[in-house]
Amino acid sequence: MTMESQNSEEHFKADTEMLEDIEVDFSNYSFEDYVSLVIFWVLAVVVFAQFFSRYVLNDSIAWTEEIARYLLVAVAFAGAPIAVRKNTHIHVEFFYRFINRGTGRFLSIFVDLIRIVFFAYGSWISFKILKIMHHQYMVSLRLPMSYLYAIVFAGFALMTIRAIQAFLRHQRQGYSCLDYNLAIKQLD
């Protein structure tokens, strides 16, 4: 055995031992994480089937393009509550660096409340559309479009719940991610 192969073998053993020591923590995951994962993988399988049938078999499966579009919408609305729960939606924190703590706190509370109202309104609108779209059908599968809009409604409803939970968490902490720097600055 050469010196290089011994070194690479030792590195491989060290890497695998390190991997064995890592504990997996599922406590950060919630119901919507698993639903999004399943929808994502169904989307991946459908897109692969579309690719394979079109370019390998030269005979495209008719329903895959439409279903892939609907699954993309579904994964977006199933995944959006994750971003609300983790507070990772896009927000502008630039102005919070130049205002005092009281104004920053007021604005962050205002943003949280506007977010709750927006998601609740989206829930209400999507629920109204859900009833209407039950009589519209998908082109290729002849399923009611209300199935897709049910996922949109569920996504908005869960975003509303997660936004309320985030608001309550921010009230308990005394700061949100927006005015966190102001809270730290006041401690200095």
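This text follows the structure it describes.
Criteria and thresholds
- Residues numbered from 1 in each chain as written.
- Predicted model: local features only at pLDDT ≥ 70, side-chain atom pairs only at ≥ 80, totals over all residues.
- Heavy atoms only, no water.
- Helix = DSSP H or I, 4+ residues; strand = E, 2+ residues; numbered from the N terminus.
- Buried < 20%, exposed > 50% of the residue type's maximum accessible area, 1.4 Å probe, protein only.
- Contact = heavy atoms within 4.5 Å.
- Areas by Shrake-Rupley, 256 points an atom, 1.4 Å probe, with all protein chains shown as cover.
- Core = buried A, V, L, I, M, F, W, Y, C linked by side-chain atoms within 4.5 Å.
- Polar contact = N/O pair within 3.5 Å; in protein donor to acceptor, adjacent residues only side chain to side chain.
- Expected span 1.5 Å × (residues − 1).

A. Molecular detail of the overall build of the protein. Scanning the protein from N- to C-terminus turns up six helices and zero strands. When its helices and strands are written in sequence order, the protein yields α-α-α-α-α-α. By residue count, 31% of the 188 residues in the protein fall in the buried class. Within the protein, contacts between residues at least 6 apart in sequence are counted, and of these 73% link residues at least 24 apart. Accessible surface, the protein as shown: approximately 13,100 Å² in total, 67% of it carbon and sulfur.

B. Here's a closer look at the environment of Cys177. Counting through the fold element by element, Cys177 comes out in the loop between helix H5 (146–173) and helix H6 (180–187). Taking the C-alpha atoms as reference, Cys177 lies 9.4 Å from Thr88; in sequence the two are 89 residues apart.

C. Summary view of the nonpolar core. Ile39, Val46, Ile67, Tyr70, Leu71, Met138 and Met145 are the most contacted members of the largest nonpolar core, which totals 14 residues. For this core, the elements supplying multiple residues, two or more each, are helix H2 (31–56) and helix H3 (64–86). Not counting the four nearest positions on each side in its chain, Val46 is found in contact with Trp63, Thr64, Ile67, Ala68 and Leu71. Counting residues in each nonpolar core, the second largest holds nine residues, with Ala80, Val84, Ile116 and Ala163 among its members.

D. Representation of the side chain of Ser36 in the model. With respect to the helices and strands, the residue Ser36 is situated in helix H2. We classify Ser36 as buried; its relative accessible area is 8%. Within the structure, the side chain of Ser36 is placed 2.9 Å from the backbone oxygen of Glu32, a separation counted as a polar contact. Look past the residues within four positions of Ser36 in its chain and what remains in contact with it is Val75, Ala78, Gly79 and Ile82.

E. Up close: helix H4 (residues 101–132). A rise of 1.5 Å per residue sets the reference length of H4, with its 32 residues, at 46 Å; its end C-alpha atoms lie 47 Å apart and thus fit the reference within 8%. Turning to H4, its buried residues number three or more, namely Gly104, Arg105, Ser108, Asp112, Arg115, Ile116, Phe119, Gly122, Ser123, Ser126 and Leu130.

F. Local environment of unusual backbone geometry. Of note in this structure, Asn58 is not a glycine but carries a positive phi near 55°. Relative to the helices and strands, Asn58 is located in the loop between H2 and H3. The class of Asn58 is exposed, set by a relative accessible area of 67%. Of note, the phi angle at Arg142 is positive, near 55°, even though the residue is not glycine. Residue placement: Arg142 occurs in the loop between H4 and H5.

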